[in-house]
Amino acid sequence: MKKALIANRGEIALRVHRACQEMGIRTVAVHSTADASAMHVRLADESVCIGPPPARESYLNVAAILSAATITQADAIHPGYGFLSENAKFAEMVEAHGLTFIGPTAEHIRMMGDKITAKETMRRLGVPLVPGSPGALSSLEEARAVAAEIKYPVLIKAAAGGGGRGMKVAHDEAGLEEAWRVARTEAKAAFGDDSVYMEKYLDRPRHIELQILADTHGNVVHFGERDCSLQRRHQKLVEEAGSPVLSAAERDALGAQVTRALRQLGYRNAGTLEFLWQDGQFAFIEMNTRLQVEHPVTEMVCGIDLVREQIRIAAGERLGYGQEDVRFSGHAIECRITAEHPETFAPSPGRVTTYHAPGGLGVRVDSALYSGYTVPPHYDSLVAKLVVHAPTRAQAIARTRRALDEMVVDGIETTLPLHRRIMDDPEFQRGDYTIHWLERFVARGG
Ligand code: MV4
């Protein structure tokens, strides 16, 4: 692999560029007209403008991206996260053009994109699930029967869903018809597919996910878990590795189950399995077939470069190490700093007059910001990921607090003040939170 096209923007385009650079692989940036002076364009070896600001016409424009790869003679494409990263058709088209897709097979992307197929596959491979319907619900009558069996409250979810869209709770039989109707209508509108399924509703779970890598020679290794419970409206704000509630033995047990399953599946490249954890029990809900935003916390505790590994795997190389070689050291925390008002979450694009990144031992900032950069209004509001590593969780919190105080992003509103308040909160410091904690924390104003 000599030249890779990076089909993304912002901090993740930089992240992939850095891995390529260190491996002696030249990079091609693609960009919209709104991103002509973006950092990912400045750092890449070459760049190609692929369209106007709306993502649909640029970062999601498959024909323009494949043309850019052809004219620059790239031999691989890394999709980053979001945009085309979990688009099976795109992965197929990349390979049909004789290029290497740095990610899983189109078949596995498609399989996990359908949440019903993903669950059925994991059930067959022995991964624990939330009790629910065996597959899609064919009628309201079937929904009633399954709910009676698994007991209320229940959740109706869209097969094509994820990220919380097309999801409705029913607390009792009286609420089921409405949940059934609304979930199907929303699923049809959002995904063009009204297939839905049912699960027992867990009322206070944590969101814990497991990172894996698989090479094309049958080796599958896991890199432990991330606790991603601190989210608001399905947008994660803070992630940690490891989870404050998991023991090394529980991690090993879950990891062994998951790696066995993915080996049987013939999965390749990076993947993340999402679980809900409540009362000491794990239940698989979804699998993400991409590099995730929060991958750096795993990199920090495992001392591994996940993007480098993705590229090596795509080039057909062997992992070259086994599970026993993966060691976990210390604790890592990521704060997602977004260009939003810290209380109202109103978007705050605009010109960054001063940007100053924090530093020191155990501090990493993944960001495409620079002083004088204008954050465009067209895309995701993430402007920086502050990632901190320290020997213990308490030290990681203290270090995050210190780094947040050093960090300057002037000219726009950011969530920096909210992150400071979270780090100062006694419940957060005790690790005492569920997926509902942050919503309430924000509502009570700290
Ligand atoms: C659930 C759940 C409770 N019980 N499933 C939301 C997004 C999608 N990925 C799965 N989600 C949930 N599924 C059962 N059976 C609660 C959520 C949920 C959630 C999950 C992870 C992180 C944040 C969340 C916020 C609200 C609801």
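Residues numbered from 1 in each chain as written. Predicted model: local features only at pLDDT ≥ 70, side-chain atom pairs only at ≥ 80, totals over all residues. Heavy atoms only, no water.

Our next topic: the sheet that holds strand β6 (residues 154-162). Ordered by their spatial adjacency, three strands build an open sheet running β7-β6-β8, and the pairing between neighbours is antiparallel. Bordering the open sheet on either side are β7 (165-170) and β8 (196-200), each of which pairs with just one other strand. Between one strand axis and the next, the sheet turns by 25° as a mean value, whatever way the strands run. Two elements, β6 and β8, share five bridges in a ladder whose sense is antiparallel. Bridge pairing in β8 places Leu155 opposite Glu199. This element, helix α7 (residues 140-150), spans β6 and β8 of the sheet and lies at about 15° to β8. (Pairing = 2+ DSSP bridges. Helix = DSSP H or I, 4+ residues; strand = E, 2+ residues; numbered from the N terminus. Axes fitted to C-alpha atoms, helices over the stretch in contact; angles between N-to-C directions. Contact = heavy atoms within 4.5 Å.)

Among the 17 residues in the neighbourhood of the ligand, the closest are listed as Lys157, Glu199, Lys200, Leu202 and Glu286. A distance of 2.7 Å separates a nitrogen atom of the ligand from a polar atom in the backbone of Lys200. At 2.9 Å, a side-chain N or O of Glu286 approaches a nitrogen atom of the ligand. Considered on its own, the ligand offers 520 Å² of accessible surface; in the complex 92% of this is hidden by protein. Of all the elements in the fold, those that place two or more residues in the shell around the ligand are β6, β8, β12 (269-278) and β13 (281-288). Split by residue class, the shell around the ligand holds eight nonpolar, four polar and five charged. (Near = heavy atom within 4 Å. Polar contact = N/O pair within 3.5 Å; in protein donor to acceptor, adjacent residues only side chain to side chain. Areas by Shrake-Rupley, 256 points an atom, 1.4 Å probe, with all protein chains shown as cover. Nonpolar A, V, L, I, M, F, W, Y, C, P; charged D, E, K, R; others polar.)

Of all seven residues making up strand β2 (residues 26-32), six are buried, and the element is well covered by its neighbours. When strand β1 (residues 3-6) meets β2, the two strands line up parallel, connected through four bridges. Its bridge partner lying in β2, Ile6 is registered against Ala29. Note that the unit made of β1, helix α1 (residues 10-22) and β2 has a crossover that is right-handed. As defined by bridge partners, β2 adjoins strand β3 (residues 46-51) across five bridges and the pair is classed as parallel. When the sheet's bridge partners are listed, Ser32 is paired in β3 with Gly51. (Buried < 20%, exposed > 50% of the residue type's maximum accessible area, 1.4 Å probe, protein only. Right-handed = clockwise from strand over helix to strand, strands pointing away.)

All right, on to the side chain of His207 then. Examined against the element boundaries, His207 turns out to sit in strand β9 (residues 206-214). Here the side chain of His207 touches Glu274 through a polar contact of 3.4 Å, side chain to side chain. His207 has contacts with Arg226, Asp227, Cys228, Ser229, Lys236, Glu274, Phe275 and Ile435, leaving out every residue within four places of it along the chain.

The next thing to look at is the packing of aromatic side chains. In total, this model carries nine aromatic pairs according to the counting rule given. Ring geometry for Tyr59 versus Tyr379: centroids 5.5 Å apart, planes at 85°, classification edge-to-face. Placement of Tyr59 in the loop between β3 and α3 (62-71) and of Tyr379 in the loop between β18 (374-375) and β19 (382-390) is noted, with a sequence separation of 320 residues between them. Like Tyr379, Tyr59 is buried. Ring centres of Phe223 and Tyr321 lie 6.4 Å apart, and the angle between their planes is 75°; on these two criteria the pair is classed as edge-to-face. Of this pair, Phe223 sits in strand β10 (residues 220-232) while Tyr321 is found in the loop between α11 (306-314) and β14 (331-338), placing the two residues 98 residues apart along the sequence. Among the aromatic residues, ring-to-ring pairing joins Tyr59, Phe83 and Tyr379 into one connected group. It is Arg206 that lies over the ring of Tyr433; its NZ or CZ is 4.1 Å from the centre. Note that Arg232 overlies the ring of Phe345, its terminal NZ or CZ placed 3.7 Å from the centroid. (Phe/Tyr/Trp six-rings, centres within 6.5 Å; stacked < 30°, edge-to-face > 60°. Lys NZ or Arg CZ within 6 Å of the ring centre and 35° of its normal.)

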